[in-house]
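# A structural walkthrough
So the chains spell out like this:
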Amino acid sequence: MKTVIMAGGKGTRIASVASDIPKAMIPVCGKPILEHQIGVLKKNGFTDIIIVTGHLGRHIKNYFGDGRSFGCNISYFSEIQPLGTAGSLYKLEELAEDFILLNGDIIFDADLQRMAAFHKNKKAAATLAVHPNNHPFDSALIFCDAGGVVRKWLNKEDERSYYKNLVNSGLHIISPELLRLCPQAKEKVDLDRDILKPFIPSGKIFAYITPEYIKDMGTPDRYAQVCSDIEKGIVAGKNLKVKQKAVFLDRDGTINKLKGFIKKPDDFELIEDVAQAIKKINSLGFLAVVITNQPVIARGEADFETLDLIHRKMETELGKEGAYVDDIYFCPHHPDRGFPGENAQYKTDCPCRKPKPGMILAAAEKYNIDISKSYMAGDDKRDVQAGINAGCTSVFLSDKSEEAENIKENCPQENVLFYPSLNEFADFLLEQEGGAGAPGANENRY
C-alpha cells in the first residue's frame, strides 16, 4: 500500500517557530516532522511514499532524496499552484490501489496494519482515523454509528450542542473508488469539504476510532506539547502494539455529582476539579476509560438514546476544559425484577455489572491494556471490588473516613489506594510517573 503525504503547507500559524522551511520540515526533537512520519510508516511496513510538495519544496527533496537512506522509496509531486488538500490526488497515476493519505503536519504513532485491516473489512471508500482530543470545540467532529459508518460531519464553524469527542485526525486510508465516484470539479479541491463530507450519504465513509497519538503541531503551543510528549515517550507508548496503562473511571460520584439516578442530561453536572484530574491522566499517556453501571435502562427510567445524550454532555463539558475520555463502557442490566415500568430484557444477572469485572476485561482486550499496571477509581465498594476482580489496583475516592474504614475492613489491603478526590489521585499519578516518587503514598496504600 502506497502512502501519500501532503507536505505543501506554508505553516502560517506556526511561522514563529520556523518560516524559512516547509511546515513539514520543522524540526521536532532534532528531526523534521516528515522524518518522524516516515519512521512510523517504515515501522508498519509502508515504505512506498509519495510526498506532495509546494511551498519551499526543494528543502524536502534535498533532505530525503529518493528515500533510500531512510529505508524507503520516495517520489514527489510538486504543485506549481496550490491544489488544496486533494487536488493532487487526481493527478497521481500511481494510485491504482487503496492508499494511506497523511497530513504533513501531524506527529503520530499508530498500528497502521490494524487500521488497514479495519478498512479492508468494511470495504470502505475512505477510512478516517478519529480520536478524542483536548480541543474538540475548535476541531471538525465526526458522528458515526456503532458499525463505524460516518453519519454526520461538523466543521469547527458549524453550530453544535452536545457531542461525542471524535475528531478527524488527518490520517486516512482512501480507495481510488472514492476519486472515481467524486470526479474533480475544480482545480483546487478540499478533501474534507469537497469529497468526504458530500460522500457521507453513500455509507462508504468509515470512522476508525483509536486512542493512539495523532496530533497536529500547527500552532506554537501544540508544537511545544508534541516535543514534550516525544521526549516523555508518550507518543510511541500510545501505539496499540504497546501494552497500555489505563485509569478506569466510575461515573456517578466520581466524574459527576451524585443526584440519585441520572435520567436526563440536565441532571448531569461535573464535580469540581474532575476535568483537571482527567486532563492530568491524559497528559501521562494513560487511557481514561469510563466503567459505569447504568441500571436506569433496566429500570425503564431512560432509554439508550437519552443515555448517549448524557454521555455526550459529559464529553462536551470535559472538552471545554481540555480533558477527554478514551471510551465509555456501561452496563444497562439490573438483576432484580418485579418493579413497575422495568425493561424485562435487561433484568438479568450479567457478567458486566460491577463488582464483576466484565467491562474492564472487555476494554483491556480491545485496547491491549496491561491490567496489572492500571487503576480502577470510584466512590463505591463495587468499584473497588471490580478493580480487584479484574486485577487492577483499586482506588477508593471519598473524603469520609468512615467509608474508607469500611472498605479497608472488607477488601484485600494490598490492592487498594485511598484518596479524597480524583484530582488528588491524579496528583499522585503525576508524581509516580514523573519518577520523583509519591510522597505519602505509603500512608495511602492499604
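Residues numbered from 1 in each chain as written. Predicted model: local features only at pLDDT ≥ 70, side-chain atom pairs only at ≥ 80, totals over all residues. Heavy atoms only, no water.

## A short note on the sheet that holds strand S18 (residues 393-397)
Reading across from one edge, S16-S15-S14-S17-S18-S19 is the order of the six strands in this open sheet, with parallel pairing throughout. For this open sheet the edge positions go to strand S16 (327-331) and strand S19 (416-419), each flanked by a neighbour on one side alone. The mean inter-strand angle of the sheet, taken between neighbouring strand axes irrespective of direction, is 20°. (Pairing = 2+ DSSP bridges. Helix = DSSP H or I, 4+ residues; strand = E, 2+ residues; numbered from the N terminus. Axes fitted to C-alpha atoms, helices over the stretch in contact; angles between N-to-C directions.)

## Examining the nonpolar core
Core analysis: the largest hydrophobic core is formed by 45 residues, its most contacted members being Leu34, Leu41, Ile49, Phe64, Phe108, Leu112 and Leu171. Among the elements that make up this core, the one with the highest residue count is helix H1 (residues 33-43) (five residues). Ignoring any residue separated from it by four or fewer positions in sequence, one finds Phe64 in contact with Met25, Leu34, Glu35, Ile38, Phe70, Ile74 and Tyr76. In terms of nonpolar packing, the next biggest core, distinct from the first, is built from 33 residues, Leu95, Leu101, Ala125 and Leu196 among them. (Core = buried A, V, L, I, M, F, W, Y, C linked by side-chain atoms within 4.5 Å. Buried < 20%, exposed > 50% of the residue type's maximum accessible area, 1.4 Å probe, protein only. Contact = heavy atoms within 4.5 Å.)

## With respect to the side chain of Asp383
On the secondary structure map, Asp383 appears in helix H11 (residues 381-390). Look at Asp383 and you get buried, because its relative accessible area is 2%. Not counting residues up to four positions away in its chain, the partners in contact with Asp383 are Asp250, Lys354, Met376, Gly378 and Ser394.

## Examining helix H9 (residues 304-320)
Taking 1.5 Å per residue as the helical rise, H9 with its 17 residues ought to reach 24 Å, and the 24 Å between its terminal C-alpha atoms agrees with that figure. The set of residues buried in H9 consists of Leu307, Ile310, His311, Lys313, Met314, Glu315, Thr316, Leu318 and Gly319. Contacts from the buried residues of H9 go to helix H8 (274-283), strand S15 (287-293) and S16. Looking at the residues trailing H9, positive phi occurs at Gly322, about 80°. (Expected span 1.5 Å × (residues − 1).)

## Regarding the packing of aromatic side chains
Per the counting criterion, the structure on display carries 13 aromatic pairs. On the numbers, 4.9 Å between centres and 50° between planes, the contact of Phe64 with Phe70 is tilted. Using a relative accessible area of 2% as the deciding quantity, one classes Phe64 as buried. Between the aromatic rings of Phe396 and Phe418, the centroid separation amounts to 6.1 Å while the plane-to-plane angle is 70°, which identifies the pairing as edge-to-face. (Phe/Tyr/Trp six-rings, centres within 6.5 Å; stacked < 30°, edge-to-face > 60°.)

## Thoughts on the pairing of strand S5 (residues 73-78)
Looking at chain direction, strand S4 (residues 48-53) and S5 are connected through six bridges and run parallel. Directly across from Thr53, in S5, lies its bridge partner Ser78. What joins S4 to S5 is helix H2 (residues 58-64), and the crossover it makes is right-handed. (Right-handed = clockwise from strand over helix to strand, strands pointing away.)

## What about the confidence of the model for the chain?
Summarising the model, the chain shows a mean pLDDT of 92, and 94% of its residues fall at 70 or more. Residue range residues 435-446 is modelled with pLDDT below 50. Its contacts to residues more than four positions away, or to other chains, number 24 contacts. (pLDDT = per-residue confidence, 0-100.)

## What about the layout of surface pockets?
Space inside the second largest pocket adds up to approximately 920 Å³. Lining the second largest pocket we find 33 residues, and of these Asp145, Ala146, Lys164, Ile209 and Asp327 sit closest to its centre. Those elements giving two or more residues to the lining of the second largest pocket turn out to be helix H3 (112-122), strand S9 (141-144), strand S12 (205-209), H9, S16 and helix H10 (358-367). Broken down by element, the lining of the second largest pocket gets its largest block of residues, seven residues, from H9. When the residues that make up the lining of the second largest pocket are grouped by side-chain class, the tally is 19 nonpolar, four polar and 10 charged. (1 Å grid on protein atoms, 1.4 Å probe; cavity = no way out; pocket = protein on both sides within 12 Å on 5 of 7 lines; lining within 4 Å. Points joined across faces, edges and corners; volume = space filled by probe spheres on them. Nonpolar A, V, L, I, M, F, W, Y, C, P; charged D, E, K, R; others polar.)

## Points about the packing of H8 against helix H13 (residues 422-433)
Axis separation between H8 and H13 bottoms out at 8 Å; the angle between their running directions is 20°. With respect to H13, the axis of H8 lies roughly parallel. Once H8 is placed against H13, the crossing between them reads as left-handed. Between H8, through Val274, Gln276, Ala277, Ile278, Lys280, Ile281 and Ser283, and H13, the contact on the second element is made entirely by Leu422, Asn423, Ala426, Asp427, Leu429 and Leu430. (Parallel < 35°, antiparallel > 145°, perpendicular 65-115°, else oblique. Left-handed = near helix turned anticlockwise from the far one by under 90°.)

## A short note on the pattern of salt bridges
Enumeration according to the criterion identifies 32 salt bridges in this entry. With its nearest N and O atoms 3.1 Å apart, the salt bridge here joins Lys366 to Asp327. Here the residue Lys366 occupies a position in helix H10, and Asp327 occupies one in strand S16, the gap between them amounting to 39 residues. Among the charged side chains, a network of salt bridges with common partners joins Lys257, Lys259, Glu269 and Glu272. (Salt bridge = Lys/Arg side-chain N within 4 Å of Asp/Glu carboxyl O.)

## Examining helix H5 (residues 191-199)
Taken as a whole, H5 has its buried residues at Leu191, Ile195, Leu196 and Phe199. Along H5, the residues classed as buried sweep out an arc of 80° about the axis, all on the same side. (Arc of directions from axis to C-beta.)

## Overview of the pairing of S19
Side-chain alternation along S19 places Val416 and Phe418 on one buried face and Leu417 and Tyr419 on a second face that is also buried. Across four bridges, S18 lies against S19 in parallel orientation. Looking at the pairing, Leu397 lines up with Tyr419 of S19.

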